[in-house]
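Single-letter residue listing:
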Amino acid sequence: MPPREDNVAAVGMLQLQAPDGTYVALNQIADVLETTGLYEIQHQGGRRLQSVTLDVEGRDVASFVKDARSQIASKISLPKGTYVEFSGAAEAQAEAQNDLIIKSLFAGVGIVLLLSIVTRNWRNLLITMANLPFALVGGIAAALLSGGVLSLGTLVGFVTLFGITLRNTMMMISHYEHLVEIDGLPWSRETAVRGAADRLAAVLMTSLVTGLGLLPLAVGMNTPGREIEGPMALVILGGLFTSAALNLLILPALAARYGRFTARLAGDDLLEL
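Residues numbered from 1 in each chain as written. Predicted model: local features only at pLDDT ≥ 70, side-chain atom pairs only at ≥ 80, totals over all residues. Heavy atoms only, no water.

1. Looking at the overall build of the chain
Thought 1: Helix and strand counts for the chain stand at 12 helices and four strands.
Thought 2: Out of the 273 residues belonging to the chain, those deemed buried represent 28%. (Helix = DSSP H or I, 4+ residues; strand = E, 2+ residues; numbered from the N terminus. Buried < 20%, exposed > 50% of the residue type's maximum accessible area, 1.4 Å probe, protein only.)

Listed below in structure tokens is the structure:
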């Protein structure tokens, strides 16, 4: 009759066959007793694995993992052959952030090259790029107000914000080109002010509609399941506010002072026809 799981004495009486053919009871070579502990021994890559899981509340996962690494390295002496590995949400978030940063850099270089072709001179290109710091100020302020955490959602928000900002700036620059090249107006401070006034409604409506759509996500950013959408929406809202304001107030002055817009020559029109 096989021993029952709750009969420790019967388990100790199990017979083991030695290499010479003799039988030895299990309790003669091992202590068999009932105690509490691991009910499963996990292995990974031929090594024993012990998992420790937890939920982080009140702070971001990245900063918690950083503090945990430093505390373990300074206060815990691990036996030889034992090491600590952090995985799960922290590892996935770090990989996603690095991947987003690298791809954003490549995309940024491509965007600058395309803008240099469209604007046709380095002065107008710099004016177009000057609106990015306007958006960056509002985005950073919003991120600081929410705790100053550079999370994946925050990075996605900055990438989206820069795209919206460049679109609004290109609307302004292209309208300046239209006023000078098509309408035949001389490039002056009055033309810069007129162009900003013409694009006032378009810039405000773009920012307002985008902001209203993201406002519910920003208000409920601490709701479970909005760990990415919440910070993203907050950064975009802050950046849109400063970008729209400075785009309509400072950008026309920069364009009037440093911009170069000239009317098309007759030969250029014939070539285009």
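Further notes follow.
2. Considering the environment of Y23
Thought 1: Tracing the backbone shows Y23 in strand β2 (residues 23–25).
Thought 2: The class of Y23 is exposed, set by a relative accessible area of 55%.

3. Re helix α9 (residues 200–219)
Thought 1: Its 20 residues place the ends of α9 27 Å apart at the C-alpha level, agreeing with the 28 Å of an ideal helix rising 1.5 Å per residue.
Thought 2: Taken as a whole, α9 carries its principal kink of about 35° at G213; the proline P216 stands between one and four residues after it.
Thought 3: Within α9, burial applies to V203, T206, S207, G211, L214 and A218. (Expected span 1.5 Å × (residues − 1). Bend = angle between axes of the 7 residues up to and from the residue.)

4. Looking at the nonpolar core
Thought 1: Counting 14 residues, the largest nonpolar core has I127, M172, I173, Y176, W187, A255 and F261 as its most contacted members.
Thought 2: The set of elements that each furnish at least two residues to this core consists of α7 (152–181), α8 (189–198), α10 (229–249) and α11 (251–258).
Thought 3: Residue contacts for I127: discarding those within four places in its chain leaves T169, I173, L251, L254, A255, Y258 and G259.
Thought 4: Core analysis: the second largest hydrophobic core is formed by nine residues, A135, L214, A218 and I236 among them. (Core = buried A, V, L, I, M, F, W, Y, C linked by side-chain atoms within 4.5 Å. Contact = heavy atoms within 4.5 Å.)

5. Side note on the environment of G139
Thought 1: Structurally, G139 is set in helix α6 (residues 131–145).
Thought 2: A relative accessible area of 0% places G139 in the buried class.
Thought 3: Sequence separation of G139 and A233 is 94 residues, and the distance between their C-alpha atoms is 9.9 Å.

6. A few points about the packing of α7 against α10
Thought 1: Where α7 contacts α10, the two axes come as close as 8 Å, and the packing angle between them is 25°. It follows from the interaxial angle that α7 and α10 lie roughly parallel. For α7 against α10, the interelement crossing comes out right-handed. Contacts from G153, T154, V156, G157, F158, T160, L161, I164, T165, N168, T169 and M172 of α7 reach α10 at P231, M232, V235, I236, G239, L240, S243, N247 and L248.
Thought 2: Looking at the contact of α7 with α10 residue by residue, the class counts come to 11 nonpolar, 10 polar and no charged. (Axes fitted to C-alpha atoms, helices over the stretch in contact; angles between N-to-C directions. Parallel < 35°, antiparallel > 145°, perpendicular 65-115°, else oblique. Left-handed = near helix turned anticlockwise from the far one by under 90°. Nonpolar A, V, L, I, M, F, W, Y, C, P; charged D, E, K, R; others polar.)

7. Section: the pattern of salt bridges
Thought 1: On inspection of all chains with the given rule, the structure shows two salt bridges.
Thought 2: For D198, the salt bridge goes to R194, with nearest N and O atoms at 3.9 Å. With a gap of four residues between them, D198 and R194 both fall in helix α8, about one helical turn apart.
Thought 3: When its relative accessible area of 42% is taken as the criterion, R194 is described as partly exposed. (Salt bridge = Lys/Arg side-chain N within 4 Å of Asp/Glu carboxyl O.)

8. Things to note about a nonpolar patch on the surface
Thought 1: Residues M205, L208, V209, L212, L215 and V219 make up a contiguous nonpolar surface patch of about 600 Å² in total accessible area.
Thought 2: Summarising the element assignment, V219 is placed in helix α9. (Patch = residues over 30% accessible without salt bridge, like charges linked within 9 Å, V, L, I, M, F, W, Y side chains within 5 Å. Areas by Shrake-Rupley, 256 points an atom, 1.4 Å probe, with all protein chains shown as cover.)

9. Section: the packing of aromatic side chains
Each pair of aromatic rings is reported with the distance of its centres and the angle of its planes.
Thought 1: Counted under the stated rule, the structure contains two aromatic pairs.
Thought 2: Measuring from ring centre to ring centre gives 6.2 Å for F158 and F162, while their planes differ by 40°; the resulting arrangement is tilted. With F158 and F162 both in helix α7 and four residues apart, this pair spans about one turn of that helix.
Thought 3: In this structure F158 comes out as buried when scored by relative accessible area, which is 11%. (Phe/Tyr/Trp six-rings, centres within 6.5 Å; stacked < 30°, edge-to-face > 60°.)

10. Brief notes about the confidence of the model for the chain
Thought 1: Mean pLDDT over the chain stands at 80; residues scoring 70 or higher make up 90%.
Thought 2: Helix α12 (residues 266–272) is the least confidently modelled element of the chain, averaging 42 in pLDDT, while β2 averages 89, the highest of any element.
Thought 3: Below pLDDT 50 for its whole length, residues 266–273 participates in two contacts with residues either more than four positions away or in separate chains. (pLDDT = per-residue confidence, 0-100.)

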